[in-house]
Amino acid sequence: MLHNNEKLQHVIEHICANGCEHVKDVIEILERRESTPETSPLSVQETESVLLELKAIMTVYEQE
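Before going into details, it helps to say that this report is about the structure given with it. What you are looking at is a predicted structure, and each value in this text was computed from that prediction instead of being measured.

1. Notes on the packing of helix α2 (residues 20–31) against helix α3 (residues 44–62)
To describe two helices that pack against each other, one gives the angle between their axes and the distance between the axes.
Right, so step 1: Relative orientation of the contacting elements α2 and α3 amounts to 140 degrees, with a least axis distance of 10 Å. In terms of axis orientation, α2 runs oblique to α3. Along this stretch, α2 crosses α3, giving a crossing that reads as left-handed. Contacts between α2 and α3 involve Cys20, Val23, Lys24, Val26, Ile27, Leu30 and Glu31 from the first element and Thr47, Val50, Leu51, Leu54, Lys55, Met58 and Tyr61 from the second.
Right, so step 2: Residues that form the contact of α2 with α3 fall into these classes: 10 nonpolar, one polar and three charged.

Now the structure itself:
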């Protein structure tokens, strides 16, 4: 996880707290270069970091 950025870590934790389906929805939205309520205050670079981290997290769940 993004240990060096508490703000992004908090956003990711908030998204994940809403369940896998929400995470998948957020990934789809971010891939379209749109924002969600959780990511709207973030820069483009920060949003990209969140997207990459969410994809990495979901990869772990999809392997189970």
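2. Quick look at helix α1 (residues 6–16)
Right, so step 1: Those residues of α1 that sit buried are Leu8, Gln9, Val11, Ile12 and Ile15. Along α1, the residues classed as buried sweep out an arc of 160 degrees about the axis, all on the same side. In this structure, α1 carries Glu6 and His10 as exposed residues pointing more than 90 degrees from its buried face.
Right, so step 2: Packed against the buried residues of α1 are α2 and α3.

3. A closer look at the nonpolar core
Right, so step 1: In terms of nonpolar packing, the biggest core is built from 14 residues, with Ile15, Val23, Ile27, Leu30, Val50 and Leu54 touching the most fellow members.
Right, so step 2: The set of elements that each furnish at least two residues to this core consists of α1, α2 and α3.
Right, so step 3: Sorting elements by how many residues they give to this core places α3 first, with five residues.

4. As for the pattern of salt bridges
Right, so step 1: Under the definition given, this model contains five salt bridges.
Right, so step 2: The salt bridge partner of Glu46 is Lys7, with a shortest N-O separation of 3.0 Å. Taken as a pair, Glu46 in helix α3 and Lys7 in helix α1 lie far apart in primary sequence, 39 residues in all.
Right, so step 3: With a shortest N-O distance of 3.7 Å, Glu21 and Lys24 are connected by a salt bridge. Here Glu21 and its partner Lys24 are both found in helix α2, three residues apart, which amounts to about one turn of the helix.
Right, so step 4: Given a relative accessible area of 54%, Glu21 falls into the exposed group.

Rules and cut-offs
Residues numbered from 1 in each chain as written. Predicted model: local features only at pLDDT ≥ 70, side-chain atom pairs only at ≥ 80, totals over all residues. Heavy atoms only, no water. Axes fitted to C-alpha atoms, helices over the stretch in contact; angles between N-to-C directions. Helix = DSSP H or I, 4+ residues; strand = E, 2+ residues; numbered from the N terminus. Parallel < 35°, antiparallel > 145°, perpendicular 65-115°, else oblique. Left-handed = near helix turned anticlockwise from the far one by under 90°. Contact = heavy atoms within 4.5 Å. Nonpolar A, V, L, I, M, F, W, Y, C, P; charged D, E, K, R; others polar. Buried < 20%, exposed > 50% of the residue type's maximum accessible area, 1.4 Å probe, protein only. Arc of directions from axis to C-beta. Core = buried A, V, L, I, M, F, W, Y, C linked by side-chain atoms within 4.5 Å. Salt bridge = Lys/Arg side-chain N within 4 Å of Asp/Glu carboxyl O.

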